[in-house]
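A closer look at the structure
Listed below are the residues making up each chain.
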Amino acid sequence: MILTGVEADALLDTGSTTSAITPRIAKELGLRQRGKRPLGSAQGLGQAERYLFRVGLRTPADVPTFLFLFDEVSGFELSDSFQLDALIGMDILKQCDFSMSRTGTCSLTFG
């Protein structure tokens with residue numbers, strides 16, 4: 001199996017049950033559309049295209065390490081107006097430990 005990847009800026013969204021990517025990322029990865037499904041969001045109920053993809057996370061660039069690759073998820077397509085490349089929802093985050101201090105320092109532990 002050959003893995004391909006695209007580095008992307010993502011929002012960690014504990015209020016989203018599902019992860020998502022922009023059409024640009026889907027195109028760069030050569031992903032196939034899986035059909036539209038109902039999606040509830042802050043904007044209301046609508047239809048969103050679905051893709052199957054895997055999310056990989058790594059530690060900060062100054063620490064040599066391997067990429068941690070999560071199992072494949074069925075995520076949705078973000079609108080082109082979304083300001084980041086991806087959204088990481090609870091389908092991925094529930095496999096991690098997340099903490100935030102009172103000073104705003106955050107930590108995400110996975111693997």
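Residues numbered from 1 in each chain as written. Predicted model: local features only at pLDDT ≥ 70, side-chain atom pairs only at ≥ 80, totals over all residues. Heavy atoms only, no water.

**So, the overall build of the protein chain**
- A tally of regular secondary structure across the protein chain gives two helices and ten strands.
- When its helices and strands are written in sequence order, the protein chain yields β-β-α-β-β-β-β-β-β-α-β-β.
- Whereas a compact globule of 111 residues would reach a radius of gyration of roughly 13 Å, the protein chain reaches 15 Å, a difference of no more than 12%.
- For the protein chain, the residues scored as buried account for 27% of the 111 residues in total. (Helix = DSSP H or I, 4+ residues; strand = E, 2+ residues; numbered from the N terminus. Rg over C-alpha atoms; globule rule 2.2 N^0.38 Å. Buried < 20%, exposed > 50% of the residue type's maximum accessible area, 1.4 Å probe, protein only.)

**Observations concerning the packing of aromatic side chains**
- Taken as a whole, this structure holds three aromatic pairs when the rule is applied.
- When the ring of phenylalanine 68 is compared with that of phenylalanine 110, the centres are 5.8 Å apart and the planes differ by 50°; the resulting orientation is tilted. A residue pair is termed long-range when its members are at least 10 positions apart, and phenylalanine 68 in strand E6 (residues 68-69) and phenylalanine 110 in the segment after strand E10 (106-109) qualify at 42 residues.
- Given a relative accessible area of 31%, phenylalanine 68 falls into the partly exposed group. (Phe/Tyr/Trp six-rings, centres within 6.5 Å; stacked < 30°, edge-to-face > 60°.)

**A closer look at the pattern of salt bridges**
- Summed over all chains, the structure comprises two salt bridges.
- Here arginine 24 ties to glutamate 28 by a salt bridge, and the two come within 2.3 Å at their closest N and O atoms. Of this pair, arginine 24 and glutamate 28 both sit in helix H1 (residues 23-29), four residues apart, roughly one helical turn.
- Assessed through its relative accessible area of 40%, arginine 24 is described here as partly exposed.
- When the shortest N-O distance is used, the salt bridge between arginine 24 and aspartate 85 registers 2.7 Å. (Salt bridge = Lys/Arg side-chain N within 4 Å of Asp/Glu carboxyl O.)

**A word on a nonpolar patch on the surface**
- Together, Leu12, Phe98 and Met100 make up an exposed nonpolar region whose accessible area comes to about 320 Å².
- In this fold, phenylalanine 98 is placed in strand E9 (residues 97-100).
- The exposure class of phenylalanine 98 is partly exposed, given its relative accessible area of 47%. (Patch = residues over 30% accessible without salt bridge, like charges linked within 9 Å, V, L, I, M, F, W, Y side chains within 5 Å. Areas by Shrake-Rupley, 256 points an atom, 1.4 Å probe, with all protein chains shown as cover.)

**Section: the side chain of glutamate 49**
- Inspection of the secondary structure puts glutamate 49 in strand E4 (residues 44-53).
- A distance of 3.2 Å separates the side chain of glutamate 49 from the backbone nitrogen of arginine 34, its partner in a polar contact.
- With residues up to four places along the chain from it excluded, the contact list for glutamate 49 reads Gln33, Arg34, Gly35, Lys36, Gly75, Phe76 and Glu77. (Polar contact = N/O pair within 3.5 Å; in protein donor to acceptor, adjacent residues only side chain to side chain. Contact = heavy atoms within 4.5 Å.)

**Side note on the pairing of E4**
- Direction of pairing for strand E3 (residues 36-41) relative to E4: antiparallel, over a ladder of six bridges. When the bridges of E4 are listed, proline 38 appears paired with glutamine 47.
- Hairpin connection of E3 to E4: two residues between the antiparallel strands.
- Of the strand pairs in this sheet, E4 and strand E7 (residues 73-77) are connected by four bridges, and their pairing is antiparallel. Pairing of arginine 50 across the sheet is with phenylalanine 76, part of E7. (Pairing = 2+ DSSP bridges.)

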